[in-house]
Amino acid sequence: MVTPSPSLKAVFRGFLLLSILGTIVLAIINAGITNAAVPQGIVSFEFCGFTGTCAAALDSWGEPGRNLTMLSLGLDYLYLLSYSGLIWSGLLLLAGRLPQRWQAGTRGLAWIAPLAGLCDAIENYALIRIVIDGPGETAGLIAGVFASIKFGIVAITLGWLLFASLAWALPAARRGG
């Protein structure tokens, strides 16, 4: 077992705090843009190109909702750094606590986590274009594709982080290992 450096622990704690704060702020904003046209708020909007509901979302929001959406998308550029950094640092911290055969794969997954943030940034840009220019042929599809990739990466990396923590790291810590 490798003991993680204190600096990586501090980075993890910083990302954890920023992710918690970001989640709260974005949830509050999301409540203001959730309605029948976008029942999951920003998540529904991320996939509007697949469902053909981009125009309906914009119409349902009016100017105030579009402004809230732009605020959400702008803040999400900070949030994508925090959640992808949280998963990255969490996986790196976890790797040293796992059996040897799982360490390299866990470290590899850690370096995939920032790709979720990159996909989120591309998705955000496409959604901003929709809010500014209106729904077009490609922006909604681009947002949906990159949102799908982002959620896939987050599901895999965060899923492994949680599973491996519960399966190996937490029991080892309780045993004093």
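Quick caveat, the model's predicted, so the values are computed rather than measured.

K.L.:
Any details on a nonpolar patch on the surface? Residues and values, ideally.
P.N.:
Side chains of I112, L115, L118, I122 and I142 sit close together on the surface and give an oily, nonpolar patch of about 380 Å² of accessible area. A total of 4 residues in the nonpolar patch trace back to one element, the largest contributor, which is helix α5 (residues 100-133). Looking at where I112 falls in the secondary structure, it is placed in helix α5.

K.L.:
Describe in detail the state of the cysteines, supporting the description with residues and values.
P.N.:
The full count for this structure, using the stated rule, is 1 disulfide. Residue pairing for C48: its cysteine sulfur links by disulfide to C54, the two sulfurs lying 2.0 Å apart. Between C48 and C54, the S-S torsion sits near 85°, and that sign places the bridge as right-handed. Classification of C48 as buried rests on a relative accessible area of 1%. In this model C119 remains outside any disulfide bridge; the closest cysteine sulfur is found in C48, 17 Å from its own.

K.L.:
Summarise the packing of aromatic side chains; cite the residues concerned and give the values.
P.N.:
Under the definition given, this model contains 7 aromatic pairs. Between F47 and F50, the ring centres sit 6.0 Å apart and the planes meet at 40°, which makes this aromatic pair tilted. Classification of F47 by relative accessible area gives partly exposed; the value is 21%. Here Y79 and Y83 contribute two aromatic rings whose centre-to-centre distance is 5.4 Å and whose plane-to-plane angle is 55°, an arrangement assigned as tilted. You can see Y79 and its partner Y83 sitting in helix α4 (residues 54-95), 4 residues apart, about one turn around the helix. Aromatic ring contacts, followed pair by pair, group F47, F50 and F151 into a single cluster. A cation over an aromatic ring shows up here: K150 above the ring of F151, its NZ or CZ 4.2 Å from the ring centre.

K.L.:
Let's hear about the side chain of N30: which residues, and what values?
P.N.:
Note that N30 resides in helix α1 (residues 6-31). Of note is the side chain of N30, whose polar atom sits 2.7 Å from the backbone nitrogen of I42. If we ignore the near neighbours within four places in the chain, the residues touching N30 are Q40, G41 and I42.

Parameters and conventions
- Going along each chain's sequence as written, the residues are numbered from 1 onward.
- Local features are withheld for residues below a pLDDT of 70 in this predicted model, meaning they are given only at 70 or higher, and side-chain atom pairs are given and counted only at 80 or more; totals for whole chains, interfaces and linings count all residues.
- Computation of side-chain values: all heavy atoms of the structure, hydrogens and water removed.
- Only residues whose relative accessible area exceeds 30% and that form no salt bridge are eligible for patches; like-charged ones are grouped when within 9 Å, while nonpolar side chains (Val, Leu, Ile, Met, Phe, Trp, Tyr) are grouped when within 5 Å.
- For every accessible area listed, the method is Shrake-Rupley and the probe measures 1.4 Å; residues are considered covered only by the protein chains on display.
- We count a salt bridge whenever a side-chain nitrogen from Lys or Arg sits within 4 Å of a carboxyl oxygen from Asp or Glu.
- Only DSSP runs of H or I with at least four residues qualify as helices, and only runs of E with at least two residues qualify as strands; both kinds are numbered from the N terminus onward.
- A pair of cysteine sulfur atoms is labelled a disulfide when the two atoms are within 2.5 Å.
- Burial here depends on accessible area, computed with a 1.4 Å probe over protein chains only, as a share of the maximum for the residue type. Under 20% is buried, over 50% is exposed, and the range in between is partly exposed.
- Centres within 6.5 Å make a pair out of two Phe, Tyr or Trp rings, where for Trp the six-membered ring is used; the pair is then stacked when the planes are under 30 degrees apart, edge-to-face when over 60, and tilted otherwise.
- Ring-over charges, as used throughout, are those where CZ of Arg or NZ of Lys falls within 6 Å of the ring centre and within 35 degrees of the ring normal.
- Any pair of N or O atoms that falls within 3.5 Å is considered a polar contact. Within protein, one atom must be able to donate a hydrogen and the other to accept it, and sequence-neighbouring residues count only if both atoms are side-chain atoms.
- Note on contacts: a residue pair qualifies if any of its non-hydrogen atoms lie within 4.5 Å across the two residues.

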